[in-house]
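Summary of structural features
If you want the building blocks of each chain, they are given just below.
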Amino acid sequence: MMLTYDCYRNAISTGSRVMVFNKGLTGVIKAIHGEGKSAEQIRRSQCVEIEGCEGVFCPMELVRLELH
């Protein structure tokens, strides 16, 4: 399981419920594509897929809504 951090340095991973704060979208992370990247590269790249949201997002755009 891939682990990274949201804009407030809260741990997020597959299954975490998050909000894309600049768009107001919410959903559950279904994948984090960070293979071969450092932790800092993952945090700053468009690599997070969220169920029900089109496209991929940067962890720095996300806010964790609840623990899972």
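See the structure above.
Residues numbered from 1 in each chain as written. Predicted model: local features only at pLDDT ≥ 70, side-chain atom pairs only at ≥ 80, totals over all residues. Heavy atoms only, no water.

The next subject is the overall build of the chain. Along its length, the chain carries 1 helix and 7 strands. In the chain, the succession of α and β elements from N to C terminus is β-β-β-β-α-β-β-β. In summary, the chain has a C-alpha radius of gyration of 10 Å against a globular reference of 11 Å for 68 residues, a match within 12%. Projected onto its principal axes, the C-alpha positions of the chain cover 30 × 25 × 20 Å. (Helix = DSSP H or I, 4+ residues; strand = E, 2+ residues; numbered from the N terminus. Rg over C-alpha atoms; globule rule 2.2 N^0.38 Å.)

Moving on, we get to the side chain of Thr4. The topology assignment puts Thr4 in strand E1 (residues 3–5). With residues up to four places along the chain from it excluded, the contact list for Thr4 reads Asn10, Ala11, Ile12, Ile32, Ile42, Arg43 and Pro59. (Contact = heavy atoms within 4.5 Å.)

Where strand E3 (residues 17–20) lies against strand E4 (residues 25–32), 4 bridges are found, and the strand directions are antiparallel. Across the sheet, residue Arg17 finds its bridge partner in E4, namely Val28. Counting the residues between successive antiparallel strands, the hairpin from E3 to E4 contains 4 residues, one of them, Gly24, with a positive phi of roughly 75°. (Pairing = 2+ DSSP bridges.)

Given two aromatic rings, their pairing is described by the distance between the two centres and the angle made by the two planes. Throughout the structure, instances matching the rule amount to 0 aromatic pairs. Its end group placed over the ring of Tyr5, Arg9 keeps NZ or CZ at 4.8 Å from the ring centre. (Phe/Tyr/Trp six-rings, centres within 6.5 Å; stacked < 30°, edge-to-face > 60°. Lys NZ or Arg CZ within 6 Å of the ring centre and 35° of its normal.)

Moving on, we come to the state of the cysteines. Counted under the stated rule, the structure contains 0 disulfides. There is no disulfide at Cys7, and the cysteine sulfur nearest it, in Cys58, is 9.8 Å away. Residue classification places Cys7 among the partly exposed residues on the basis of a relative accessible area of 24%. We note that Cys47 lacks a disulfide partner, and the nearest cysteine sulfur, in Cys58, lies 6.9 Å from it. Since its relative accessible area comes to 1%, Cys47 is described here as buried. (Disulfide = S-S within 2.5 Å. Buried < 20%, exposed > 50% of the residue type's maximum accessible area, 1.4 Å probe, protein only.)

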